Amino acid sequence: MRISLADEAATTALGRAIAPVLRPGDAVLLDGPLGMGKSTLARGLIRALAGEDVDVPSPTFTIVQFYETAPPVAHFDLYRLERPSEAAEVGLDESLDLGCALIEWPERLGGDPEVWLGPDRLTIRLEEDGAGRVATVSGVGRWEDALKEIHVRS
């Protein structure tokens, strides 16, 4: 599925549209170059679950931020990882056992994503598209069917 994102509001709206479809054990992989809106999308998703007034900082320096939502969400920025094994040290395994994980820079995990992330994964690739962005959204496991439930309203 390809979704045109004209601006930051559209990127936020995509995050909001994904939030009600999340289930415990889901991994949402946010892929794309620097500055494409990965954190903006994550912020929209988290605020849809936690409330508009919740502070949602980028986890660039902390590597992970945890949110007590339903389901619980952990937002990871793996850009600074030096080894894939560090993902376990910052709680990736536990976050998927207890809730969902939003993962920026998932390629830092290396190898087969199912080893780290289980069978239910949604991948969102953000890229430039003229003056805006385009999101290429794909899913495996339960997300193959759950994609039909995502309706973006900007």
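Here goes a summary of the coordinates provided. Everything quoted here is computed from the prediction, not taken from an experiment. (Residues numbered from 1 in each chain as written. Predicted model: local features only at pLDDT ≥ 70, side-chain atom pairs only at ≥ 80, totals over all residues. Heavy atoms only, no water.)

### Some words on the overall build of the chain
Phase 1 of the analysis: Along the backbone of the chain there are 6 helices and 7 strands.
Phase 2 of the analysis: Across the chain, helices and strands are ordered from the amino to the carboxyl terminus as β-α-β-α-β-β-α-α-β-α-β-β-α.
Phase 3 of the analysis: Computed over its C-alpha atoms, the radius of gyration of the chain comes to 14 Å, within 12% of the 15 Å expected for a compact globule of 154 residues.
Phase 4 of the analysis: Seen through its C-alpha atoms, the chain measures out along the principal axes to roughly 35 × 30 × 30 Å. (Helix = DSSP H or I, 4+ residues; strand = E, 2+ residues; numbered from the N terminus. Rg over C-alpha atoms; globule rule 2.2 N^0.38 Å.)

### Digging into the side chain of Lys 38
Phase 1 of the analysis: Note that Lys 38 resides in helix H2 (residues 38-50).
Phase 2 of the analysis: A distance of 2.9 Å separates the side chain of Lys 38 from the backbone oxygen of Pro 33, its partner in a polar contact.
Phase 3 of the analysis: Beyond its immediate sequence surroundings of up to four residues, Lys 38 is in contact with Leu 30, Asp 31, Gly 32, Pro 33, Glu 104, Trp 105 and Leu 126. (Polar contact = N/O pair within 3.5 Å; in protein donor to acceptor, adjacent residues only side chain to side chain. Contact = heavy atoms within 4.5 Å.)

### Thoughts on helix H1 (residues 8-18)
Counting along an α-helix, one turn takes 3.6 residues, and residues three or four places apart therefore face a common direction.
Phase 1 of the analysis: For H1, every residue scored as buried is listed here: Ala 10, Thr 11, Ala 13, Leu 14, Gly 15, Ala 17 and Ile 18.
Phase 2 of the analysis: Taken together, the buried residues of H1 touch strand S1 (2-5), H2, strand S6 (121-129), strand S7 (132-140) and helix H6 (143-146).
Phase 3 of the analysis: Its side-chain oxygen placed 3.2 Å from the backbone nitrogen of Ala 9, Asp 7 serves as the N-cap of H1. (Buried < 20%, exposed > 50% of the residue type's maximum accessible area, 1.4 Å probe, protein only.)

### Concerning the pairing of strand S4 (residues 73-77)
Remark: a regular strand shows side chains that alternate across the two faces of the sheet.
Phase 1 of the analysis: The buried fraction of S4 is high, at 5 of 5 residues.
Phase 2 of the analysis: As paired elements, strand S3 (residues 64-67) and S4 share 4 bridges and run antiparallel to each other. Looking at S4, one finds that Gln 65 is bridged to His 75.
Phase 3 of the analysis: Note that S4 and strand S5 (residues 100-104) share 5 bridges and pair parallel. In the strand pairing of S5, Asp 77 is matched with Glu 104. (Pairing = 2+ DSSP bridges.)

### Considerations on H2
Phase 1 of the analysis: Across its 13 residues, H2 extends 18 Å between first and last C-alpha, which sits within 8% of the 18 Å expected from 1.5 Å per residue.
Phase 2 of the analysis: Taken as a whole, H2 has its buried residues at Lys 38, Ser 39, Thr 40, Leu 41, Ala 42, Gly 44, Leu 45 and Ile 46.
Phase 3 of the analysis: Phi turns positive one or two residues past the end of H2, at Gly 51, with a value near 115 degrees. (Expected span 1.5 Å × (residues − 1).)

### Considering unusual backbone geometry
Phase 1 of the analysis: Cis rather than trans, the peptide bond between Ala 70 and Pro 71 has omega equal to -5 degrees.
Phase 2 of the analysis: Turning to its location among the elements, Pro 71 is positioned in the loop between S3 and S4.
Phase 3 of the analysis: Residues other than glycine seldom take positive phi values, yet Ile 63 does so here, at roughly 75 degrees.
Phase 4 of the analysis: On the secondary structure map, Ile 63 appears in the loop between H2 and S3.

### What about the packing of aromatic side chains?
Phase 1 of the analysis: Within this structure, the stated rule accounts for 2 aromatic pairs.
Phase 2 of the analysis: Judged by centre distance (6.5 Å) and plane angle (80 degrees), the ring pair of Phe 66 and Phe 76 falls under edge-to-face. Pair noted here: Phe 66 is in strand S3 and Phe 76 is in strand S4, with a separation of 10 residues, a long-range link.
Phase 3 of the analysis: A relative accessible area of 0% places Phe 76 in the buried class.
Phase 4 of the analysis: Here Tyr 79 and Trp 105 contribute two aromatic rings whose centre-to-centre distance is 4.9 Å and whose plane-to-plane angle is 55 degrees, an arrangement assigned as tilted. (Phe/Tyr/Trp six-rings, centres within 6.5 Å; stacked < 30°, edge-to-face > 60°.)

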